[in-house]
Amino acid sequence: MKTLVICSGGLDSVSLAHIVAAEHRLTRLVSFDYGQRHRKELDFAAAAAKRLGVPHHLIDMRTVGAALTGSALTDDIDVPDGHYAEETMRITVVPNRNAIMLAIGFGVGAANGDDAVATAVHGGDHFIYPDCRPAFTQAFDAMQRMALDGYADLRLYTPFVERSKADIVAEGAKHGTPFAETWSCYKGAEVHCGRCGTCVERREAFHLAGVDDPTAYADPDFWAKAVADREAR
């Protein structure tokens, strides 16, 4: 299965790229600059493409991203600390982001003769992001089949949509993902902050998967408190 991977440079998508390279035929990585708070993650996506020996398509979506206002990832709004499943994390939603990116990914895949577009959405995203839920991915796959009917036959490949981030860590470890060469933190400082939702989720996933976390965090112990606070509610 010739497969394009949507790759942000984060733990999930880089792990998926390594898994696809081992289990299918990885053809390319596609990333997006939508004017996000920092570009560090895109450097990690480019490095992953080079490491895996495939082209890296970086799509300039900054003018589109500028219109998707109201998110802590695109506006001058503080990124909240805490567990990913907290209500406060809704401020990190970029409206329709995945739908827009996947539509472009399907266009790139169709133009290049790919069989599938893979994305690393997972069960932990469901609470916050509507365009990461199974109902969305199923509907989007059906829509794209109609959009490309008679021109190309691509499927949406979402192996983790019903699974956890810990599952991604476990599978990524099996396939040699260099986790230190991925970037998750929304704040984009010198090292991962350890306090934002995606840092807490990252650290928790390694713990649950029983895999050593090579990530340097500015606050390496905050995650445990955030998880405990969440479980106490």
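Structure shown above.
Rules used throughout
- Residues numbered from 1 in each chain as written.
- Predicted model: local features only at pLDDT ≥ 70, side-chain atom pairs only at ≥ 80, totals over all residues.
- Heavy atoms only, no water.
- Pairing = 2+ DSSP bridges.
- Helix = DSSP H or I, 4+ residues; strand = E, 2+ residues; numbered from the N terminus.
- Right-handed = clockwise from strand over helix to strand, strands pointing away.
- Buried < 20%, exposed > 50% of the residue type's maximum accessible area, 1.4 Å probe, protein only.
- Lys, Arg positive; Asp, Glu negative; His and termini not counted.
- Salt bridge = Lys/Arg side-chain N within 4 Å of Asp/Glu carboxyl O.
- Polar contact = N/O pair within 3.5 Å; in protein donor to acceptor, adjacent residues only side chain to side chain.
- Phe/Tyr/Trp six-rings, centres within 6.5 Å; stacked < 30°, edge-to-face > 60°.
- Lys NZ or Arg CZ within 6 Å of the ring centre and 35° of its normal.
- Axes fitted to C-alpha atoms, helices over the stretch in contact; angles between N-to-C directions.
- Parallel < 35°, antiparallel > 145°, perpendicular 65-115°, else oblique.
- Left-handed = near helix turned anticlockwise from the far one by under 90°.
- Contact = heavy atoms within 4.5 Å.
- Nonpolar A, V, L, I, M, F, W, Y, C, P; charged D, E, K, R; others polar.

Brief notes about the pairing of strand S3 (residues 56-60)
- In this structure, strand S2 (residues 25-33) lies alongside S3, joined through 5 bridges in parallel fashion. Bridging across to S3, Phe32 finds its partner in Ile59.
- Handedness of the S2-helix H2 (residues 40-52)-S3 crossover: right-handed.

Topic: the side chain of Arg202
- Position of Arg202 relative to the elements: it lies in helix H7 (residues 197-209).
- Lacking a salt bridge, the buried Arg202 has Asp213 as its closest oppositely charged neighbour, with an N-O distance of 4.5 Å.
- Looking at Arg202, its side chain comes within polar contact range of the side chain of Thr182, at 3.0 Å.

Thoughts on the packing of aromatic side chains
- Scanning the entire structure with this criterion turns up 4 aromatic pairs.
- Ring geometry for Phe44 and Trp183: centres 6.1 Å apart, planes at 20°, overall stacked. With Phe44 in helix H2 and Trp183 in the loop between helix H6 (165-174) and H7, this pair connects stretches of sequence that are 139 residues apart. Across this residue pair, the class does not change: Phe44 and Trp183 are buried.
- The structure contains a cluster of three or more aromatic residues connected by ring pairs, namely Phe106, Phe136 and Phe140.
- Here the guanidinium or amino end of Lys40 rests over the ring plane of Trp183, the centre of that ring lying 3.9 Å away.

A look at the packing of helix H1 (residues 11-23) against H2
- Contact geometry of H1 with H2 gives a least axis separation of 10 Å together with a crossing angle of 15°. Relative to H2, the element H1 lies roughly parallel. Viewed along their axes, H1 and H2 form a crossing whose handedness is right-handed. Judged by residue contacts, Val14, Ala17, His18 and Ala21 of H1 engage Ala48, Arg51 and Leu52 from H2.
- Taken together, the residues of the contact of H1 with H2 sort by class into 5 nonpolar, 1 polar and 1 charged.

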